[in-house]
Amino acid sequence: MIVLNESALKNLKNIKLFVLDIDGTFSLSGTLLPGSKEFITTLNNKNKHFAFLTNNSNKSIKEYIQEFKNYNIYISENQIFTAGIETAEYILKKFGKRKIFIVGTKAIKEIFSKYGHEIVENEDPEIVVITFDKSLTYEKLAKASVLVSKGKLFVLTNPDLNCPSKDGPIPDTGAIASVIEKTANKNPDIVFGKPDPLILEMIIEKFNVKKEETCVIGDRLYTDILLGIRAEVSTILVLTGEAKEENIKTSNIKPDIIANNLGELINYI
Ligand SMILES: [Mg+2]
C-alpha cells in the first residue's frame, strides 16, 4: 500500500459510505478480484454503507444483482448506481418529464420510461441521449445527428471512449457520440457519469452521509479518482484494473491511497 495522504488513511475508520467501481476494482470479466469478498464482509460486519457506481449504461440493475448473487454477495437495488439510470433521474429532476430520443438498447429505453419520460422515435424530441448502445445502427446515428444539428439538448450518459472486453477495447458512449459531434459539429451539452461529481452527490444525498464520511474506490485515475477529487471526498486507487503504479507518477490526478487490491484495506476500515 502507498499512502499519499496520511490523514485520509487515519480517517478511513470514520468513513460511513464506500462507493466502489465494479470493472477492474471489484470484479473483472465475471470473476471476483482478490480480497473483494472479504472487503464486503468486513463492511457488513462494521455496519458501513457501500454502493457500486459504474459508468456502464448498457446493463440493468437486475443483471448486476444476479451477477453479484453468483459471487454469493447479496446487494439491494439501492446499492447499484449506473450512469444510464442516474441520467434518467437527473433529467427528471432538472427538466421534468421530457420527450427523448435515445441512442440505446431496449433496456435503457425502459428505464427512461420508468422515470416518466416519453421515448420518441419519429416525433420531435426535446432531448437526445447517447448511451453505450450495443444495438447501434447507422439509422440511429443519422437521426441523432440531424436532431443535434437542429439544436436539441445533447446528453451523454458517460464520457468513456471505450469499454474493456476480453478481445480488446470496444466503442463506448463517448466514441459513439463522437460520430454525432463530428457530423453535427456540436459539443455535448451535458456529459453525465464519472468523473462529473453530480452523480456522486446524488448518491451521497441518498445515503444521507457527509462528504468527509464518504470514500470512492476505483481503478481509473481520470474517472473514479477524479470523481472523488471533484466531489471533495477521499479516494483510493486499486491496482487490479487499468491504472498501474507508473501512471500515478506521470498523472496530476493523485489518489489519497493506493492499494494493490480491496483486501489490503480491511485492517484500516
Ligand atoms: Mg473500472
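*Asks:* Before we move on, can you summarise the domain arrangement of the chain with the specific residues and values?
*Replies:* The domains assigned to the chain are domain 1 (2-55 + 194-268) and domain 2 (84-191). A straight line from the C-alpha centre of domain 1 to that of domain 2 covers 28 Å. On the side of domain 2, seven residues touch domain 1, which itself brings seven residues to the contact. The residue makeup of the side of domain 1 that touches domain 2, split by class, is three nonpolar, two polar and two charged.

*Asks:* Account for the sheet that holds strand E15 (residues 234-238), with residues named and values stated.
*Replies:* Spatial strand order, E1-E16-E15-E14-E2-E5-E6: seven strands in an open sheet with mixed pairing. One side of each edge strand has no neighbouring strand; the edge strands of this open sheet are strand E1 (2-3) and strand E6 (80-82). Pairing between E15 and strand E16 (residues 257-259): three bridges, direction parallel. Paired with Ile 236 across the strands is Ile 257, a residue of E16. Against the sheet, helix H8 (residues 197-207) makes contact with strand E2 (17-20), strand E5 (49-54), E6 and strand E14 (214-218), and its axis sits at roughly 155° relative to E5, the strand it touches most.

*Asks:* Residues and numbers for the environment of Ile 40, please.
*Replies:* With respect to the secondary-structure elements, Ile 40 resides in helix H2 (residues 36-45). Residue Ile 40 is classed as buried on the basis of its C-beta count, with 22 C-beta atoms lying within 10 Å. Once residues lying within four places of it in the same chain are set aside, the contact partners of Ile 40 are Phe 50 and Ile 73.

Cut-offs and rules
Residues numbered from 1 in each chain as written. Predicted model: local features only at pLDDT ≥ 70, side-chain atom pairs only at ≥ 80, totals over all residues. Domains from an automatic or database assignment. Contact = placed C-beta atoms within 7 Å. Nonpolar A, V, L, I, M, F, W, Y, C, P; charged D, E, K, R; others polar. Pairing = 2+ DSSP bridges. Helix = DSSP H or I, 4+ residues; strand = E, 2+ residues; numbered from the N terminus. Axes fitted to C-alpha atoms, helices over the stretch in contact; angles between N-to-C directions. Buried ≥ 20, exposed ≤ 12 C-beta atoms within 10 Å, placed from the backbone.

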